[in-house]
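# A look at the structure
Here are the chains, one letter per residue:
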Amino acid sequence: MEINNKLLLDKYFTEALEKTKELIRIPSVLADPIGNMPFGKGVNDALDYILKLGNELGFETYRDETNKYGFLEYGEGKELYVILCHLDVVPAGDMSEWVTNPFEPIEKDGKLIGRGSIDDKGPTMMNLYALKYLKDHNWKSNTYKIRMIFGLSEETTWECMEKYVADHGIASAGYVPDGLFPCVYAEKWINNMDVIANVPCDFEIKGGEAYNMICDKVSYKGPRIDEIKAKLDAMKDIHTSVNNDELIVKGKPGHASTPHVGVNAVSHLAFAMNELGIKHPLIQFIAKEAHLNFNMSNIFDNIADETGDLTQNIGIIDIKDGKGMFTFNFRIPVLSEPKTKFFPIIEAAFNKYGLDHVKQRIEDAVYFPKDGEVVKNIMQVYQEITGDMISQPQAMGGGTYAKTMPNLIAFGAVMNLEDSPMHDYNEFATIEELQKMIKIYAKAITKLAK
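Every chain's residues receive numbers from 1 upward, in the order its sequence appears when written. Selection of residues for local features in this predicted model requires a pLDDT of at least 70, selection of side-chain atom pairs for listing and counting requires 80 or more, and totals for whole chains, interfaces and linings are taken over all residues. Neither water nor hydrogens contribute to the side-chain values; these are computed over all heavy atoms in the structure.

An unreviewed UniProt entry lists the protein chain under the name Peptidase M20, from Mesoplasma entomophilum.

See below:
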């Protein structure tokens, strides 16, 4: 099917952009359950919005009776091709760091700025309107019914997709528009871990909001504030202030899969405290084993493969009244086996410092051989649509919903992960990127689901 790109952009993209703004205005951050809203009101409102819009656009919609997911679908094929998106977003963090209210999107300098613009509300809406274009022009797959699934807890528990798979099983094929272009052939194992030490101390530390965000702001209350501040002020990219006997340390936020791109405030604070001889096992572990050592080379002997190095991120810390914990988010290379090459080693290291730990969930790795049918097909489609014959399939530390079904692959929507504003202040998607997305996805659906 030939795509009229002028019509696609003039009519469908224009509406998609406005609808993206409306969706961003819904603060769909995980919150405590309220009644029949398991992920909180904001997330539930986002599901309400997208399903209502789907109905208005002429699609059949379905809502899980427990409000953990929803979907819309088009076509009558016997097989199922899914486009798997998510509507939840990470917390906004320090509101003073945003050029706009993160849930009041603006266009500025060719960018759509707002929480969720690139992760994953913008790509979601571009896919919806790509599918709307195809529907309006009577394209149908002879093989597949197309289903757009809307997950609601991708940034946290993935409980939504566990429920979906239990209810509906796995799809025959599909993609997740929450990774990189051209496609992601490998996604690392991901493990969240709480590290614990309940020992007496005369200070309090608190900071961070999520496992998968670089902790960019932390507070310290206790003795020797002036000395700690002086140490921190000598460090690059760290900013400090003191207010009512509380030291505030600021770094730079970012996605946990690229910890080297941000500046971790917890790590720098721990290093300064350790340099001053302040004793606490959590502080000492961070300072000696994790500070600016993202692959923890003192502990691990070169856990690396074609998908990259082991990386770690400290997302949350809370030390008060003799109780202390911080969180690790580990990204483990795909070809490594965590049960033998990771967990025994990190647990032995914790034992040396007298630390306890609690394993949170571990997300499975994704691996498609580069010369296999799935990658070859999607690369052929991408190259045909874009003319880009240089870009290669990517491996990444970020985890997508491709991990929920064995036949799914991450296909877009970020062009360059190193420069991506995901999970950062002033998250944005450029208007040009969004236009490329809708063109790529409109054509890709006709090719991949034929």
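Still more to cover.
## Quick word on the overall build of the protein chain
Secondary structure elements follow DSSP: runs of H or I of four or more residues count as helices, runs of E of two or more count as strands, with numbering from the N terminus. A tally of helices and strands in the protein chain yields 11 helices and 24 strands. Throughout, the radius of gyration refers to the C-alpha atoms, and the reference size of a globule is 2.2 Å times the residue count to the power 0.38. In terms of overall dimensions, the protein chain is globule-like: its C-alpha atoms have a radius of gyration of 23 Å, near the 22 Å expected for 450 residues. Counting only C-alpha atoms, the protein chain reaches 70 × 45 × 45 Å along its principal axes. Residue burial is assigned from relative accessible area. The probe radius is 1.4 Å, only protein chains are included, and a residue is buried under 20% of its type maximum, exposed over 50%, and partly exposed in between. Burial analysis of the protein chain (450 residues in total) assigns 59% to the buried set. Surface accessibility follows the Shrake-Rupley procedure with a 1.4 Å probe radius. Residue values consider only the protein chains on display as shielding. When the accessible surface of the protein chain is split by element, carbon and sulfur atoms take 47% of a total near 18300 Å². With 48 positive and 65 negative side-chain charges, the protein chain shows a spacing of 2 Å between the two charge centroids. Lys and Arg are tallied as positive, Asp and Glu as negative. Neither His nor the chain termini are counted. Taken as the charge centre is NZ of Lys, CZ of Arg, CG of Asp or CD of Glu, depending on the residue.

## Things to note about the UniProt feature "domain: Peptidase M20 dimerisation" (unreviewed entry) in the protein chain
UniProt positions are given in the numbering used here, feature names are shortened, and annotations may be inferred rather than shown by experiment. UniProt records the feature "domain: Peptidase M20 dimerisation" (unreviewed entry) for residues 246–280 in the present numbering. The span residues 246–280 shows a helical share of 31% and a strand share of 14%, and its end C-alpha atoms are spaced 19 Å apart.

## Observations concerning the pairing of strand S13 (residues 239–243)
For S13 and strand S14 (residues 246–250), the ladder comprises five bridges, and the chain directions are antiparallel. Opposite Asn243, over in S14, you have Glu246 as the bridge partner. In sequence, S13 turns back onto S14 through a hairpin of two residues, with Asn244 there showing a positive phi of about 55°. Pairing between two strands is assigned when DSSP locates at least 2 bridges connecting them.

## Concerning the packing of helix H1 (residues 5–24) against helix H11 (residues 431–448)
Across the interface, H1 lies against H11 with an axial gap of 10 Å and an inter-helix angle of 120°. For the crossing formed where H1 meets H11, the hand is right-handed. For the pair H1 and H11, the contacting residues are Asn5, Leu8, Leu9, Tyr12, Phe13 and Leu17 in the first and Ile431, Leu434, Gln435, Ile438, Lys439 and Ala442 in the second. Under the scheme applied here, ten amino acids are nonpolar (Ala, Val, Leu, Ile, Met, Phe, Trp, Tyr, Cys and Pro), four are charged (Asp, Glu, Lys and Arg), and all others, including Gly, are polar. The residue inventory of the contact of H1 with H11, partitioned by class, reads nine nonpolar, two polar and one charged. Every angle, taken between N-to-C directions, lies between 0 and 180 degrees, and every axis is a line fitted to C-alpha atoms, over only the stretch in contact when it is a helix. By definition, any crossing whose near helix is turned counterclockwise from its far helix by less than a right angle is left-handed, and any crossing with a clockwise turn is right-handed. Any two residues having at least one pair of non-hydrogen atoms within 4.5 Å are treated as being in contact.

## Quick word on the sheet that holds strand S24 (residues 428–430)
The strand order across the open sheet built from three strands is S4-S5-S24, with neighbouring strands paired in antiparallel fashion. Looking at strand neighbours, the two that pair on one side only are strand S4 (106–108) and S24, the edges of this open sheet. Geometrically, the sheet is characterised by an average inter-axis angle of 25° between neighbouring strands, direction not taken into account. Lying on the sheet, H1 is in contact with S4 and strand S5 (111–113); it crosses S5 at an angle near 20°.

## Digging into the nonpolar core
Among buried residues, the Ala, Val, Leu, Ile, Met, Phe, Trp, Tyr and Cys ones that are joined through side-chain atoms within 4.5 Å form a nonpolar core. Core analysis: the largest hydrophobic core is formed by 92 residues, its most contacted members being Ile50, Met125, Leu128, Tyr129, Tyr175 and Phe411. Ranked by residues supplied to this core, first place goes to H11 with 10 residues. With near-sequence residues (within four places) excluded, Met125 lies in contact with Ala16, Lys19, Thr20, Leu23, Tyr49, Ile50 and Leu53. One finds Met193, Leu247, Phe285 and Met296 within the second-largest nonpolar core, a separate group that totals 48 residues.

## Section: the domain arrangement of the protein chain
By a frequent convention, interface size equals the accessible area lost on bringing the separate parts together. On domain assignment, one finds that the protein chain holds domain 1 (5–188 + 366–449) and domain 2 (189–363). All the domain ranges listed were derived from an automatic or database domain assignment. With centres defined by C-alpha atoms, the gap from domain 1 to domain 2 works out at 31 Å. Contact with domain 1, which involves 29 residues of that partner, is made by 28 residues of domain 2. We define buried area as the total accessible area lost by two parts upon association, computed with a 1.4 Å probe and summed across both. In this assembly, domain 1 packs against domain 2 so that about 2100 Å² is buried in total across both faces, 52% of it on carbon and sulfur atoms. Between Lys or Arg on one side and Asp or Glu on the other, a salt bridge is scored when a side-chain nitrogen of the former is within 4 Å of a carboxyl oxygen of the latter. At the boundary of domain 1 with domain 2, the tally comes to five salt bridges. Across the pair Glu363 and Lys403 runs a salt bridge, and its minimum N-O distance is 3.7 Å.

## Notes on unusual backbone geometry
Cis rather than trans, the peptide bond between Asp119 and Asp120 has omega equal to 5°. Its location among the elements puts Asp120 in the loop between S5 and helix H3 (121–136). The omega angle of the peptide bond from Phe181 to Pro182 is 0°, so this bond is cis rather than trans. Within the secondary structure, Pro182 is located in the loop between strand S8 (179–180) and strand S9 (184–187). Even without being glycine, Asp109 reaches a positive phi, approximately 55°. Tracing the backbone shows Asp109 in the loop between S4 and S5. Positive phi is not limited to glycine here, since Trp158 has a value of about 60°.

## Structural notes on the sheet that holds strand S12 (residues 217–221)
Spatially, eight strands are ordered S13-S14-S12-S11-S17-S18-S10-S19 in an open sheet, and the strand pairing comes out antiparallel. Across the chains shown, the open sheet's two edge strands, defined by having one partner strand only, are S13 and strand S19 (356–363). Taken over all neighbouring pairs, the strand axes of this sheet differ in orientation by 20° on average, direction set aside. Pairing of S12 with S14, which is carried by four bridges, proceeds in the antiparallel orientation. Following the sheet pairing, Ser219 is matched in S14 by Ile248. Contacting strand S10 (189–196), strand S11 (204–207), strand S17 (311–320) and strand S18 (323–332), helix H7 (residues 281–290) crosses the sheet at an angle of about 25° to S18.

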